[in-house]
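Listed below are the residues making up each chain.
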Amino acid sequence: MKIATYNINNVNRRLPNLLAWLKRARPDIVCLQELKAADEAFPQAELRKAGYHALWRGQKTWNGVAILSRKPPILTRKALPGDPGDTQSRYVEAAIDGLLIGCLYLPNGNPQPGPKFKYKLDWFRRLQTHARKLLKSGAPVVLAGDYNAVPTDFDIYSMNSWKDDALVQPQTRAAYAKLVTQGWTDSLRALFPDKPMYTFWDYKRRRWERDAGLRIDHLLLSPSLSTRLKKGGVDREERGREGASDHAPAWIELR
DNA sequence: ATGTCGTTAGTATAACGA
């Protein structure tokens, strides 16, 4: 079973890229982030035609998450618990084919310090709480998405112009590490301990051309799934295509 | 400090988020 996460950076603008990639990569399940589309603007019909069911929580202009799947999904959550006042569309969760899939878009948090960074850390804490409950349930869980967290200096081409960025701050890294040490497996790092495995290249300053990337999209596996991890990768070539998102799809295959 | 890309408000450009 192939599971992918892809920050699509506007699902309607990138729809041709998305459809072409789905055809090439043939994933069974895809977590999408940054739909940047209201619920009613989600391209459900086109994706259905391409063979995918979808569950989504959209939002005009910003955020928005979706889960695509070849088999019909069962919605389990449309928001991360812990703050009923949080109106941003950043989490959707579903049961598909014996798995529980959490699709998340963690806040960027820039500029830091400030209210946006506080929101990021608060959101991270809520994710830790929810993730701990999922682990305790014993269910086979994949938590996939754009974490907006660079786990270590090895996950970035250079720290020089990112020192003050929310993605690399010690608090961000500590929050990610604390989450993983609950018992999750960072699949791509587990499969490739010696390769950076970047998933994002900023549009600015020719960062794609220079391979100045960051690894911020992650697929975390609960213990029962970590033993089923067979293959994984990043479809880097998607980042180089015409009209591409600034992220590339990251994927795994489970036995 | 800057870079890029796209959206929004609201009609030309500036601000904003990522």
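Source: prediction; values computed, not measured. (Residues numbered from 1 in each chain as written. Chains lettered and ligands numbered in written order. Predicted model: local features only at pLDDT ≥ 70, side-chain atom pairs only at ≥ 80, totals over all residues. Heavy atoms only, no water.)

Draft legend 1. Looking closely at the sheet that holds strand β2 (residues 29-33). As summarised here, the arrangement of the six strands in space is β3-β4-β2-β1-β12-β11, forming an open sheet in which the pairing is mixed. The sheet is open, and its two borders are formed by β3 (53-57) and β11 (229-234), each paired with just one other strand. Sheet twist, expressed as the average angle between the axes of neighbouring strands with direction ignored, equals 15°. Inspection of the sheet shows β2 paired to strand β4 (residues 65-69) by five bridges, in the antiparallel sense. Looking at β4, one finds that I29 is bridged to S69. (Pairing = 2+ DSSP bridges. Helix = DSSP H or I, 4+ residues; strand = E, 2+ residues; numbered from the N terminus. Axes fitted to C-alpha atoms, helices over the stretch in contact; angles between N-to-C directions.)

Draft legend 2. Layout of the nonpolar core. In this structure, I3, I67, I101, V142, I252 and L254 are the most contacted members of the largest nonpolar core, which totals 28 residues. Counting residues per element, the ones that place at least two in this core are β2, β4, β6 (91-96), β7 (99-105), β8 (141-146), β10 (217-221), β11 and β12 (250-254). Sort the elements by how many residues they give to this core and β7 lands first, with four residues. Aside from chain neighbours lying at most four places away, what touches I101 is I3, I29, C31, I67, V92, E93, A94, I96 and V142. (Core = buried A, V, L, I, M, F, W, Y, C linked by side-chain atoms within 4.5 Å. Buried < 20%, exposed > 50% of the residue type's maximum accessible area, 1.4 Å probe, protein only. Contact = heavy atoms within 4.5 Å.)

Draft legend 3. Inspection of unusual backbone geometry at higher detail. The step from N110 to P111 runs through a cis peptide bond, and the omega angle for that step is -5°. Here the residue pair Q112 and P113 is connected by a cis peptide bond, since its omega of -5° sits within 30 degrees of zero. By the element assignment, P113 lies in the loop between β7 and α3 (115-137). Here the phi dihedral of N9 falls at roughly 55°; this positive angle occurs in a residue that is not glycine. Its place among the elements puts N9 in the loop between β1 (2-7) and α1 (15-25). Not every positive phi belongs to a glycine, and R205 is a case in point at roughly 55°.

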